[in-house]
Amino acid sequence: MKKLSKLLVGTLLISSTVVAQPGPPTAPSPGVDISVGQKPTLTVDEMISQSRGYQQGMGQILKRIGALQDTARKQKDIIKLNCVSDKLVQAKVNVSIADQAMTSLQEHVARADEGGRTHEFTRLTIINQKVTVLGAEAENCIGEDLSFVGATRVDLDVDPNIPQTDPTQPPVPVSTIERPPAASTFR
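Reading guide: rules and limits
- Residues numbered from 1 in each chain as written.
- Predicted model: local features only at pLDDT ≥ 70, side-chain atom pairs only at ≥ 80, totals over all residues.
- Heavy atoms only, no water.
- Disulfide = S-S within 2.5 Å.
- Helix = DSSP H or I, 4+ residues; strand = E, 2+ residues; numbered from the N terminus.
- Buried < 20%, exposed > 50% of the residue type's maximum accessible area, 1.4 Å probe, protein only.
- Contact = heavy atoms within 4.5 Å.

A.B. asks: Quick one: what's the story with the state of the cysteines, residue by residue and with numbers?
C.D. replies: Under the criterion given, the structure shown has 1 disulfide. Shown here is the disulfide that connects C83 with C141, its sulfur atoms set 1.8 Å apart. An S-S torsion of about -45° defines the bridge between C83 and C141 as left-handed. Of this pair, C83 sits in helix 3 (residues 78–111) while C141 sits in helix 4 (residues 114–142), placing them 58 residues apart in sequence. Using a relative accessible area of 26% as the deciding quantity, one classes C83 as partly exposed. C141 sits in the buried class, given a relative accessible area of 13%.

Dropping the structure here:
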């Protein structure tokens, strides 16, 4: 009985696999465009130049995150240090991947492989964006804002037409007040 149930289950699994196979590919309907719609708008030289710019920018972000790490060390703030160190490790990994993508990009350029070249350039663009975000997150770890320009300074100009007395205080009486007579003769 067990053999029969195993045979039945096995047959059922095999038949469902055969039934689930996709059918033969069909030709697209006439007038339907199935090509990739987006073509790169940059020339090969522009891609290489932009990619090098990305690498330089990522290198500067790495230096800034390293400086933030030193700041956290000097402040002896372990929470800030851990946060910045995490962002630095992630940024270094992404820069390493970007270096590999740059090498692959140059290989695809040498082989005149447009698809590979576009793919590697897209990878570099995404990695550059990730590293930029990690740099901003590292700034947030320390608590420094990129828009901080300095300490606040307040300048006060006093209008000479403003009265010098305090309008919330009642004026001091001019005359002296005499004590009223006693109400009773007993002391």
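A.B. asks: Break down the environment of L42 for me, with residues and values.
C.D. replies: Within the secondary structure layout, L42 lies in the loop between helix 1 (2–19) and helix 2 (44–75). Relative accessible area serves as the criterion here: at 33%, L42 is assigned to the partly exposed category. Separated by 76 residues in sequence, L42 and T118 place their C-alpha atoms 9.5 Å apart. In contact with L42, not counting residues within four places along its chain, are M47 and F121.

Coordinates in, geometry out; function isn't part of it.
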